[in-house]
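Here are the chains, one letter per residue:
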Amino acid sequence: MIYRLWAGAAFLLTLLVAWQLGGWAGYQQVERESLEDSFRYSQLIANELKRYRAIPELMAEHPLMLQVLETPTDPSLLLQANIEMKRMAHIVGSSDVYLMDRTGLTIGASNYQSPDSFIGGNFSYRPYFSEVIASGTSAFYFALGAASNVRGLFFSSPVNNDVGDLLGVLSVKVQVEGLESQWRRPVSLNNAEMVVLDEDGISFMASRAQWLYRDFEAGRMDDGKRARTGLRYPRQDTRPISITRLGRPGGVSARTQRLLITDDQHQSREYLSVRTPLPQLDWSLRVMVATEAVLWTRLRFVLAGAGLFLGCVLAWLYLRERYRREAELAQRGEQLELRVRERTAALEASNQRLLTEIDQREQAEAELRETQQELIQAAKLAVLGQMSAGLNHEMNQPLTAIQSYARNSQRFLQRNEHTMVDANLKEIISLCDKMADLTRQFRVFARKSEGRPATVDLRMAVDAALKIMWAQGDDTRNIDLHWDRPTQPVWCHGDLIRIEQVLINLLSNARQAVEQTDKPQITIVIIDRGAVWQCQITDNGPGLPANTEQIFEPFFTTKSVKQGLGLGLSISRQIVDALGGQLTGCNRDDGPGARFVLTLQKKDLAE
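In this text the structure is predicted, and so the values were computed from the model without any measurement. Position numbers for residues count from 1 along each chain, tracking the sequence in the order it is written. Local features in this predicted model are restricted to residues of pLDDT 70 or higher, and side-chain atom pairs are both shown and tallied only at a pLDDT of 80 or more, whereas totals for entire chains, interfaces and linings draw on every residue. Computation of side-chain values: all heavy atoms of the structure, hydrogens and water removed.

## Quick notes on the environment of Ser95
Line of reasoning, step 1. Every helix listed is a DSSP run of H or I at least four residues long, and every strand listed is a run of E at least two residues long, numbered separately from the N terminus. Inspection of the secondary structure assignment puts Ser95 in the loop between helix H4 (75–92) and strand S1 (96–101).
Line of reasoning, step 2. Assessed through its relative accessible area of 25%, Ser95 is described here as partly exposed.
Line of reasoning, step 3. Between the C-alpha atom of Ser95 and that of Val172, which follows or precedes it by 77 residues, the distance is 7.8 Å.
Line of reasoning, step 4. In this view, Ser95 contacts Ser110, Lys173, Val174 and Gln175; residues no more than four positions away in its chain are not counted. Relative accessibility thresholds used throughout: buried, under 20% of the residue-type maximum; exposed, over 50%; partly exposed, between the two (1.4 Å probe, protein chains only). Whether two residues are in contact is decided by their heavy atoms, any of which lying within 4.5 Å being enough.

## As for the sheet that holds strand S13 (residues 480–484)
Line of reasoning, step 1. The pairing criterion is simple: DSSP has to find at least two bridges between the two strands. In spatial order, the strands read S13-S15-S16-S18-S17; together these 5 strands make up an open sheet with mixed pairing. For this open sheet the edge positions go to S13 and strand S17 (582–587), each flanked by a neighbour on one side alone. Strand-to-strand twist in this sheet, taken as the mean axis angle between neighbours without regard to direction, amounts to 15°.
Line of reasoning, step 2. Judged from the 7 bridges that link them, strand S15 (residues 521–528) and strand S16 (residues 532–539) form a sheet pairing that is antiparallel. Following the sheet pairing, Asp528 is matched in S16 by Trp533. The angle between two axes is taken between their N-to-C directions and runs from 0 to 180 degrees, where each axis is a line fitted to C-alpha atoms and a helix contributes only its stretch in contact.

## A word on the packing of helix H13 (residues 496–513) against helix H14 (residues 568–578)
Line of reasoning, step 1. Between H13 and H14, the least distance of the axes is 10 Å, while the angle of their chain directions is 145°. Two packed elements cross with a definite hand, and for H13 against H14 that hand is left-handed. Where H13 abuts H14, its residues Arg498, Gln501, Val502, Asn505, Leu506 and Asn509 lie against Gly568, Leu569, Ile571, Ser572, Ile575, Val576 and Ala578.
Line of reasoning, step 2. Note that Gly is not counted as nonpolar here; it falls among the polar residues with everything else outside the nonpolar set of Ala, Val, Leu, Ile, Met, Phe, Trp, Tyr, Cys and Pro and the charged set of Asp, Glu, Lys and Arg. In terms of residue class, the contact of H13 with H14 is built from 7 nonpolar, 5 polar and 1 charged. Note on convention: the crossing is left-handed when the near helix lies turned anticlockwise from the far helix by less than a right angle, right-handed when the turn is clockwise.

## Notes on the pattern of salt bridges
Line of reasoning, step 1. Each reported salt bridge corresponds to a side-chain nitrogen of Lys or Arg within 4 Å of a carboxyl oxygen of Asp or Glu. Under the definition given, this model contains 11 salt bridges.
Line of reasoning, step 2. A salt bridge links Glu328 to Arg332; the shortest N-O distance between them is 3.5 Å. Note that Glu328 and Arg332 are positioned in helix H8 (residues 292–386) at a spacing of 4 residues, about one turn of the helix.
Line of reasoning, step 3. With a shortest N-O distance of 3.1 Å, Arg459 and Asp457 are connected by a salt bridge.
Line of reasoning, step 4. On the basis of relative accessibility, which here comes to 9%, the residue Arg459 falls in the buried class.

## Description of the environment of Leu105
Line of reasoning, step 1. Turning to its location among the elements, Leu105 is positioned in the loop between S1 and strand S2 (106–109).
Line of reasoning, step 2. For Leu105, a relative accessible area of 32% gives the class partly exposed.
Line of reasoning, step 3. Sequence separation between Leu105 and Ser124 is 19 residues; the distance between their C-alpha atoms is 7.4 Å.
Line of reasoning, step 4. Those residues in contact with Leu105, other than ones at most four positions away along the chain, are Leu99, Met100, Gly120, Gly121 and Asn122.

## A look at the packing of aromatic side chains
Line of reasoning, step 1. For Phe, Tyr and Trp, where Trp contributes only its six-membered ring, two rings pair if their centres lie within 6.5 Å, and the inter-plane angle classes them as stacked under 30 degrees, edge-to-face over 60, or tilted in between. Taken as a whole and assessed by the stated rule, the structure comprises 5 aromatic pairs.
Line of reasoning, step 2. Centre to centre, the rings of Phe118 and Phe123 are 5.9 Å apart; their planes meet at 75°, and the pair counts as edge-to-face.
Line of reasoning, step 3. Using a relative accessible area of 7% as the deciding quantity, one classes Phe118 as buried.
Line of reasoning, step 4. Among the residues examined, Phe123 registers a relative accessible area of 9% and is labelled buried.
Line of reasoning, step 5. Ring geometry for Tyr128 versus Tyr141: centroids 6.4 Å apart, planes at 40°, classification tilted.

## Describing the packing of helix H3 (residues 63–70) against H4
Line of reasoning, step 1. Across the interface, H3 lies against H4 with an axial gap of 10 Å and an inter-helix angle of 145°. Seen from above, H3 lies across H4 with left-handed handedness. Here Leu64, Met65, Gln67 and Val68 of H3 lie close against H4, whose contacting residues are Leu77, Leu78, Gln80, Ala81, Glu84 and Met85.

Now the structure itself:
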């Protein structure tokens, strides 16, 4: 029973501490974000004021302003001045620019064409005029326009003649709606409000319309300040707003306090107010944030505290149960150690068996790779065997011609016709070069590939394959061959001998496919496909079976046994896959026959 009382008291104490810490953290978070936004907005106002301070001084130096003040009765000169002030107002983005003489009478204005023009109005009672007359320097003032009833910032500068006498005052009015519209609530503070107070505590900029021109510093205004406020904000309700100060919460700075504001509909809401003085002015910016966010922060802290307390209780229960079970586990320790030793021995034996199996698999893979290479070489030799008859025929013709030229040369030597002998010898040399080139191409093709891909010219592989294929006899020469050979090198990633083997297999299949065709035709074209090259071999034979992927399976063939075992396309696809390319086949859609596409990756010679 005592444990339960202690646990309940500790739980309540934890919730109380979490509530206090939540309030401290919540108020600090709201204040930090309010200070950041206050600094941003105060800098915005300061930059806007700095932007317009020097403009009236530059406008006052315009010679037309001085001429108007010296001869105010000249209508044409007044019209020129009004037009110039209107142009100035448009350039600087201000609402009004107007010129007053020493008595405060407005003699020219940018809104001279407007029904409520400032011309003829006397503004000698405005501080932005009286301060310039008294000090002879520029002045700045904020007020509600007497004629336009529009809030504005008034920047004034004296207009002096050449000897330094003050003849009048030029003023520029800038509306504050632009500044007010740039107030943006922080993302995390949806209930944030803003007011800018003058030196008397009257709000002249506010995010809520009902707070505009209200007294936020009730009790500080005397009769003189009331009169000044009446002149600054004519015809406006400047009654004090109902504010109850609730003090400063813990964890925040001295510039922050809690306020309870009651509006005219008698609805109250609590805010956390952060006061920021605006630079070089007697104004102050207040960012007020509703404290509902602090309540949610407190609730989160209370939930976290409750979870922490429950976690501690559960940890204590766990530790107590753990101590109880440790005795149990100690008794089973020896039995577990014995079982571990037995299982370790079994695992070692199993590991040994796995290592043996791995060695066997690696050996099998090595044998498989070697078998694949031998199979590829055997396929090449099989192709050479099939073409041997054509090669004999191709070699027999040059040999017969050489024999004839040699016999003729003997007769010409007997007749001392050395010119004819020299011509016959040149023909014999040409025929020998032809046979050497042919046998060299067969010898290169029969050689095993080194297996290391490199940069090769695809045109050379096609040329070599055609030389070998066209050495098979007259039946090959009857085929109408279209080889659209590119003029520039076609550099690709591959192995020259392997690519030749693939092309010879494809050309051999195409040649056999058009044997029974009346007008046999084979077309070879290389197409640039961006990152790859495509070599397309097209024939006008009977075409492929319906299932085109089946032709790449080992031992699948549509030919007789004498023409092959069905391994050519399967080996060709394996070769192309190993080179990172692709080999596909399909029937033509523009006529009878088949089309095989060899795709290889491009290779930049600079690489």
